[in-house]
Amino acid sequence: MTIDWSWISDHTDDLTTLTVSHLQAALSAVLFGLLISLPLAVVAHRVRPLRGFLLGLSNVLFTIPSIAVFVLLLPVSGLTRTTTVIGLTIYTLVVLLRNTVEGLDSVPTKTKEAAKAMGTRPLRTLLTVEFPLALPVIMAGVRIATVMSISLVSVATYIGDGGLGQLFTDGFQRNFPTPVIVGVVLTLLLAVVADAALVAVQYALTPWTRRRA
Amino acid sequence: MYELFKNLGDWLTSGEQWAGPDGIATRLAEHLQYSLLATLIAAAIGLPLGLLIGHTGKGAFVAINLSSFGRALPTVGLVVLVFLASGLSMWPVYVALVALAVPAIVTNTYAGMTAVDPDVKDAARGQGMRGHQVLFQVELPLALPLIMTGLRLALIQVVATATIAAYVSFGGLGRYVFDGLAQRDLVQVMGGAVLVAVVAIALDLALSALQRVLFRHRTA
Amino acid sequence: MNRRTLLGGLFAAASVPALSACSSGITSLDSEGTTTSGGGSSKGGLTIGTANFTENQVLGYLYAAVLDAAGVKTTVRPNLGTREILIPAIKGGDIDLLPEYQGALLHYVAPKATATEEGEMQNALTMALPAGLQVLPYGMAEDSDAFAVTRETAEKYGLTSLADLKKQNGKLVIGAAAEVKTRQVGAVGLKDVYGVEFKEFKSLDSSGPLVKGALKKGDVDVANLFTTDTDIQAEGWVVLTDPKNLIPGQHVVPLIADRKADSTVRKALAGLGNALTTADLTELNRQVDKDKKDPEDVARAYAERKGLTATG
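Residues numbered from 1 in each chain as written. Chains lettered and ligands numbered in written order. Predicted model: local features only at pLDDT ≥ 70, side-chain atom pairs only at ≥ 80, totals over all residues.

Draft legend 1. Molecular detail of the overall build of chain A. From N to C terminus, chain A includes nine helices and zero strands. Going from N to C terminus, chain A has its helices and strands arranged as α-α-α-α-α-α-α-α-α. Considering only C-alpha atoms, chain A reaches an extent of 70 × 45 × 25 Å along its principal axes. Relative to its 213 residues, chain A shows a buried fraction of 46%. Put simply, of all contacts in chain A between residues at least 6 apart along the chain, 73% involve residues at least 24 apart. (Helix = DSSP H or I, 4+ residues; strand = E, 2+ residues; numbered from the N terminus. Buried ≥ 20, exposed ≤ 12 C-beta atoms within 10 Å, placed from the backbone. Contact = placed C-beta atoms within 7 Å.)

Following this line, the structure appears as structure tokens:
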């Protein structure tokens, strides 16, 4: 299994396009996943009876094969990027929801009571006290969800999308290892870079955690 | 919508659908075989590795980073790569599924080991226990809950991902998903998806029951 | 009773002029339409979708090459899946143009169609296609489905035609893409027309690495391949003859959404259809599969060599 280096140098433009498209799909999914998870997590955190139901539901969704989700979305959103992003978003929920709920749980009751005693309104407490304190746990979830999404985007190649995943089906059909190897390596690189960037974001967002280190 | 669910119900309950070489019973058995064998191999690799790192404290940084790196491995790419190297065989399926399961097992085993109170380990050594005795009689039982969590997570992912076997010509419940895609037969796709989810949840429940039995034994 | 007849008569009388006016309206609109632009416009550019095998991608990029030269902006979306996925996608508007194959497309839209001759099939297609879709004139190049066996298998069971398979009913394994199991030009037709029943249908791919690998390895006895696949000759495989004409002629034909079918597109694709031969297409497939060239480059080079990209 040899690598055809000239193929790589001849295809830098295509590879860039695919990488950007890959990253865009994964990041959109995490973003939509957060938009759904944050409010749901608040509900799950405050309304105990719903907690098990919401977490259980996200767990069940996680057991459905991703390829099936993409196919079942075809009648709804067709062969589009939307299908890819909806499918990926569903898989981010299991991590994002659980971590956000755990993050909110980890905020000490005393801290919340102190905010209440100072006359801070509940919504304000949520936004300025609870979420910031839960941030490390939430960000841990965001990191896992991002890496997972980056790895999962390629499954959408079966419905004609999939970013770098297109290199896999192409290499498969033509018995041509080079695009496949390049696709795997670029996916891994993308995951490492995205993860490092998220660590940097978290560092910038949580200055108060640094003193301990 | 109602029509779709009615057809799905018919599909799942028809005797004809369950019988024969491409019937649900056969596909189910194949799917279980791929998933359980892959998880067993992954456990055989991941458990000793996680225990060793956790016990000695050596190589943790490398192993944990490799594990999170492993989580980013695109399964489709890995399957195709091994296919191109090995031709038409079960290798692509097992390599990809094992690679998927090992990281979860290693990280959770390691996390379980590090969560054991150092005082407890010291006390065990103080009583004259040897290294392997501390590992198997003290650390391992205490780390068991997290180890089991890792195994359950790995198994769920493997069951959902074993659908990929159908992409490289093999069976399992993924057959219904891939064939349904090619034929645009949504009932078949949904049937396959539901069966995979049911298998994943059933196996998870079974493992959690096993976990409870193990604990009862330990505390009694 | 009387009143009802009277009313009925009134209605009938009243509706006659209305109907004739209406139908003349349609004819005049129709003739007006074809003389001007064909109703559609490719001004905003169009999206070409292709199926999940090499040749269809080559054809998609060939369409793109000649259309780009004619000033139509195109986007190619390669490797979208099977016909079963693509037809709903062109109806839904995700794509506008597809390289298709006459017989296979006809059997998809009209499973009971009996036409086998090219002209008849073209007419039948025009009648059977869902509203909003049309086929443009078919090209010279043809790529049929073929059912092939290895030389050893052919000798062992004495196989030369599809009819011979019946003698081995319940013994042989067939390998083909999953959609072939439910298609007339596939397992369904083999049973209906030749009475052939296989021991097992193995879902593989469209003349790709799985089905060819399985045939080579002996995992399947009969394989569904494309006649433009150079491996058939290279491997010495035996294509079973089709005395009862189960497999229709498969000339390449552009399937296009009405909304995009204007005279520029028609002219450019007709030029390509008249130039591209089966041998050309086979060679282009080979360059992509064996020489690992990009379908896009191969298509562009061909279009330029044949003078199909000369502007004007």
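Draft legend 2. The environment of valine 184 of chain A, seen in detail. Among the structural elements, valine 184 of chain A can be located in helix α9 (residues 177-205). Assessed through the 23 C-beta atoms surrounding it within 10 Å, valine 184 of chain A is described here as buried. Valine 184 of chain A has contacts with Pro74, Gly77, Leu78 and Leu81 of chain B, leaving out every residue within four places of it along the chain.

Draft legend 3. Structural view of unusual backbone geometry. One non-glycine residue, arginine 184 of chain B, adopts positive backbone phi at about 45°. Within the secondary structure, arginine 184 of chain B sits in the loop between α9 (174-183) and α10 (186-219). On the basis of neighbour counts, which here come to 21 C-beta atoms within 10 Å, the residue arginine 184 of chain B falls in the buried class. Phi at asparagine 245 of chain C is positive, roughly 55°, even though this residue is not glycine. Within the fold, asparagine 245 of chain C resides in the loop between β9 (238-239) and β10 (252-257). Assessed through the 11 C-beta atoms surrounding it within 10 Å, asparagine 245 of chain C is described here as exposed.

Draft legend 4. Quick peek at the packing of helix α5 (residues 75-86) of chain B against helix α6 (residues 91-114) of chain B. Residues and elements named next belong to chain B. Interaxial distance between α5 and α6 falls to 8 Å at its minimum, and their mutual angle equals 145°. Handedness of the crossing formed by α5 with α6: right-handed. Every residue of α6 that contacts α5 at Thr75, Leu78, Val79, Val82, Phe83 and Ser86 is listed here: Trp91, Pro92, Val93, Val95, Ala96, Ala99 and Leu100. Class assignment of the residues belonging to the contact of α5 with α6 gives a composition of 11 nonpolar, two polar and no charged. (Axes fitted to C-alpha atoms, helices over the stretch in contact; angles between N-to-C directions. Left-handed = near helix turned anticlockwise from the far one by under 90°. Nonpolar A, V, L, I, M, F, W, Y, C, P; charged D, E, K, R; others polar.)

Draft legend 5. The interface of chain B and chain A, seen in detail. Opposite the 30 residues of chain B that make contact, chain A presents 32 residues. Of the residues forming the side of chain B that touches chain A, the biggest block, nine residues, is contributed by α10 of chain B. Looking at side-chain class alone, the side of chain B that touches chain A contains 23 nonpolar, six polar and one charged residues.

Draft legend 6. Region of interest: the interface of chain C and chain B. On the side of chain B, 12 residues touch chain C, which itself brings 18 residues to the contact. For the side of chain C that touches chain B, the secondary-structure elements that each account for two or more residues are α3 (83-92), β7 (200-204) and α8 (209-217) of chain C. Per-class residue counts for the side of chain C that touches chain B are seven nonpolar, five polar and six charged.

Draft legend 7. The pairing of strand β1 (residues 46-49) of chain C, seen in detail. All names here are of chain C. Note that β1 and strand β2 (residues 74-77) share four bridges and pair parallel. Following the sheet pairing, glycine 49 is matched in β2 by arginine 77. Handedness of the crossover joining β1 and β2 through helix α2 (residues 54-69): right-handed. (Pairing = 2+ DSSP bridges. Right-handed = clockwise from strand over helix to strand, strands pointing away.)

Draft legend 8. Inspection of the confidence of the model for chain A at higher detail. Taken residue by residue, chain A gives an average pLDDT of 93. The fraction at 70 or more is 99%. Of all helices and strands in chain A, the one with the weakest mean pLDDT is helix α6 (residues 109-117) of chain A (90), whereas helix α2 (residues 12-46) of chain A scores best (96). (pLDDT = per-residue confidence, 0-100.)

Draft legend 9. Up close: the nonpolar core. Ranked by internal contacts, the top residues of the largest apolar core, which has 206 residues, are Val79 and Ala101 of chain B together with Leu62 of chain C. When we break this core down by domain, the ones giving at least three residues each are domain 1 (46-142 + 250-305) and domain 2 (145-239) of chain C. Other than its neighbours up to four places away in sequence, leucine 62 of chain C contacts Leu272, Leu276, Ala299, Tyr302 and Ala303 of chain C. (Core = buried A, V, L, I, M, F, W, Y, C linked by C-beta atoms within 7 Å. Domains from an automatic or database assignment.)

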